[in-house]
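Spelled out, the chains give:
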Amino acid sequence: MKTTFKTSVIIMALLGFINLNAQNRNLDNYRQPDQRGINVFEAPKDSVSTFDNVKVRIGGQSSLQFQALSHENSGAVELKEIGNNFNLATANLDIDVALFDGVRMHLRTYLSSRHHPEPYVKGGYIQVDRLDFVEEGFLSEFMKYATLKIGHMENNYGDAHFRRSDNAQAIYNPFVGNLIMDAFTTEVGAELYYQRNGFLGMVGFTNGKLNQDVANPDTGGASFLAKLGYDKQVNDNLRLRLTGSLYNTGAVRNSYLYSADRAGSRYYLVLEDVDASAGSNFRSGRYNPSLRNKITAIMFNPFVKYKGLEFFGTFESATGRANTETDDRTAKQYAGELIYRFGQNEKFYIGGRYNMVDAEEANGDDIEISRFNLAAGWFLTKNVLAKFEYVAQKHDGYNATSIFNDGKFDGIMLETVISF
């Protein structure tokens, strides 16, 4: 049964009221969904347990944007006429449950999104930080530093996905839009983490499928993930983090690493044709290299924060092909963000980001897409954020018949985010 956004908000409010006391309880090894979760990457690891009984935390997010963008191209393909107005409001519902000492469940449902105005489940997982359900103290020395996640979940490739907007959960993202090549997927699998003295290691496996079914058994595959890094609070003023990540699949029916986000892009209907709709053409402004059946992707992410000034970088290279191609192709992405946070509890920020993609298309085109963002934000409370963004994006190298030939868009975006 479809549920309107208005009904979704009422449901979220009622659940939040009913579980007000549960929300105020602490959950172990948990990333807070408000301002306190900014610049948190993997869930923190603390061997001290606060578990005393089953705890249920109901949370949620809602976001709304005002869009004032204009676009143009060479005229080879007529563009959709767009104006200045509000986009569809989006909403998430989060359920987090402490099931046992060191065992927690997470479930996120998109109540309203660009591609699906009706609710649907994004994914969920079980996170295990202690093995006392096997036997008290079982592998306790190892589990002081280890975490196991199992589920149909957002997979941990790279660090950029920790800062991106996940439908209505946009409070971690200092900008309105995500990266041009938006690496994000939800596949069934498991990830094992080991965090000790600032060092981080992770290995994971998935079945390589976004949509789960038992049909076409011979077209299945598997994906391998790995991450190595170092994250250290050097002193009160300086934090350093550097990670390298790998996502590899040798053969799958369809790889969705750069197209799995069904919530959709924030830049509605830019560089889309006259027949486009916001729901069907929901990836506007993004780039998918379409390495459909074989892909090896690596990402390096440096992060430096000195007092209120922070830098986050991305270097990414994805190589692979579709089954219809004989040779591998490569797409590369570069991004750098510089943010300055100031005021009491860093309630204000200003920042900029440059993002560029250089890729070889299946038709032989060598294309380049570049984007520049300027942003400012104000945390009215730790749960409420207002953002302003200027964005300018241009496309080069596309053939004369492409809708992206000499394509570009620019303008301003305003966004409000509530997250609790």
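Model, not experiment: these values are computed from the prediction.

What follows concerns the confidence of the model for the chain. The predicted model of the chain has a mean per-residue pLDDT of 92, with 93% of residues at 70 or higher. Contacts for the low-pLDDT stretch residues 17-24, under 50 throughout, to residues beyond four places or in other chains number seven contacts.

Quick look at empty space enclosed by the protein now. For the coordinates displayed, the defined rule picks out eight cavities of 30 Å³ or more. In this model, the largest cavity occupies a volume close to 650 Å³. Around the largest cavity, the lining comprises 34 residues; the ones closest to its centre are Arg 31, His 106, Tyr 125, Lys 149 and Phe 162. Among the elements of the structure, strand S3 (90-100), strand S4 (103-112), strand S5 (120-128), strand S6 (146-154) and strand S7 (186-196) are those that each provide at least two residues to the lining of the largest cavity. Examining the composition of the lining of the largest cavity, we find that five residues originate from one element, S5, more than from any other. Within the lining of the largest cavity, the residues separate by chemical class into ten nonpolar, ten polar and 14 charged.

The tally for this structure, following the rule as stated, stands at 17 aromatic pairs. When the ring of Tyr 340 is compared with that of Phe 342, the centres are 5.7 Å apart and the planes differ by 15°; the resulting orientation is stacked. Among the residues examined, Phe 342 registers a relative accessible area of 32% and is labelled partly exposed. Members of the aromatic cluster, joined through ring pairs, are Phe 41, Phe 162, Phe 303 and Phe 312.

The next subject is the layout of surface pockets. Of the pockets and cavities examined, the largest pocket occupies roughly 430 Å³. Taken together, 22 residues make up the lining of the largest pocket; nearest its centre are Pro 44, Lys 45, Gln 195, Gly 198 and Asp 231. For the lining of the largest pocket, the secondary structure elements donating two or more residues are S7, strand S8 (199-206), strand S9 (223-233) and strand S10 (238-249). Of the residues belonging to the lining of the largest pocket, the class tally is seven nonpolar, six polar and nine charged. By volume, the second largest pocket amounts to about 380 Å³. Together, 19 residues line the second largest pocket, and Arg 283, Arg 286, Tyr 287, Asn 288 and Phe 404 are the ones closest to its centre. A breakdown of the residues in the lining of the second largest pocket according to their chemical character gives eight nonpolar, six polar and five charged.

Together, Glu 72, Asp 327, Asp 358, Glu 360, Asp 366, Glu 368, Asp 396, Asp 406 and Asp 410 line one region of the surface with negative charge. Secondary structure elements with two or more residues in the negative patch: strand S14 (348-360) and strand S15 (366-381). Here Asp 396 lies in strand S16 (residues 384-396). With relative accessibility at 33%, the residue Asp 396 sits in the partly exposed group.

Moving on, we come to the pairing of strand S17 (residues 408-419). Note: strand S1 (residues 55-72) against S17, twelve bridges, orientation antiparallel. Bridge pairing links Ser 63 to Val 417 in S17. As defined by bridge partners, S16 adjoins S17 across eleven bridges and the pair is classed as antiparallel. Counterpart to Leu 385 in the pairing with S17 is Val 417.

Inspection of the secondary structure assignment puts Asn 167 in the loop between S6 and S7. A residue is classified by how much of its surface remains accessible, and Asn 167, at 2% relative accessible area, is buried. Side-chain polar atoms of Asn 167 contact the side chain of Asn 92, separated by 2.8 Å. When near neighbours in sequence (up to four residues on either side) are disregarded, Asn 167 contacts Ser 63, Thr 90, Ala 91, Asn 92, Tyr 110, Ser 112, Ser 113, Ala 263 and Arg 266.

In this structure the tally under the stated criterion is 32 salt bridges. Of the charged contacts in the structure, one is a salt bridge between Lys 122 and Glu 154, with a shortest N-O distance of 2.6 Å. Separated by 32 residues along the polypeptide, Lys 122 in strand S5 and Glu 154 in strand S6 bring together distant segments of the chain. Lys 122 sits in the buried class, given a relative accessible area of 10%. Arg 341 is the salt-bridge partner of Glu 310, the closest N and O atoms lying 3.0 Å from each other. Placement of the pair is Glu 310 in strand S12 (residues 309-321) and Arg 341 in strand S13 (residues 329-342), with a sequence separation of 31 residues. Through salt bridges with shared partners, one network takes in Asp 94, Arg 108, Lys 122, Glu 154, Arg 164, Asp 166, Asp 182, Asp 261 and Arg 286.

What counts, and at which threshold
Throughout this document, residue positions are counted from 1 along each chain, in the order its sequence is written. It should be noted that, the model being predicted, local features are given only for residues of pLDDT at least 70 and side-chain atom pairs only at 80 or more, the latter also being counted only at that level, while totals for whole chains, interfaces and linings use all residues. Side-chain metrics in this entry use all non-hydrogen atoms of the structure; hydrogen atoms and water are not considered. Along the chain, pLDDT gives the predictor's confidence residue by residue, from 0 to 100. The contact rule is simple, with two residues in contact once any of their heavy atoms fall within 4.5 Å. In this analysis, the protein atoms alone were mapped onto a 1 Å grid. Cavities are point sets where a 1.4 Å probe fits without being able to get out; pockets are open sets with protein on both sides within 12 Å along at least five of seven lines; lining residues have an atom within 4 Å of a point. Grid points are joined across faces, edges and corners, and a volume is the space filled by probe spheres set on the points. In DSSP terms, a helix is any run of H or I states spanning at least four residues, a strand is any run of E spanning at least two, and both are numbered starting from the N terminus. Gly falls in the polar group here, along with every residue not listed as nonpolar (Ala, Val, Leu, Ile, Met, Phe, Trp, Tyr, Cys, Pro) or charged (Asp, Glu, Lys, Arg). We call Phe, Tyr and Trp rings a pair once their centres come within 6.5 Å, taking the six-membered ring for Trp, and we label the pair stacked below 30 degrees between planes, edge-to-face above 60, and tilted otherwise. For every residue, the accessible area (1.4 Å probe, protein chains only) is compared with the maximum for its type, and the residue is labelled buried under 20%, exposed over 50%, or partly exposed between those bounds. Residues forming no salt bridge and having over 30% relative accessible area are the ones grouped into patches, like charges within 9 Å of each other and nonpolar side chains (Val, Leu, Ile, Met, Phe, Trp, Tyr) within 5 Å. Each accessible area is a Shrake-Rupley estimate made with a 1.4 Å probe; only the visible protein chains count as cover when residues are assessed. Salt bridges are counted wherever a side-chain nitrogen of Lys or Arg sits within 4 Å of a carboxyl oxygen of Asp or Glu. Positive charges are assigned to Lys and Arg, negative charges to Asp and Glu, while His and the chain termini are left out of the count. By convention, the point assigned to a charge is CZ for Arg, NZ for Lys, CD for Glu and CG for Asp. Strands were regarded as paired on the criterion that DSSP finds at least two bridges between them. The term polar contact refers here to a pair of N or O atoms within 3.5 Å; inside protein, the definition further demands a hydrogen-donor-capable atom paired with an acceptor-capable atom, and it admits residues adjacent in sequence only when both atoms are side-chain atoms.

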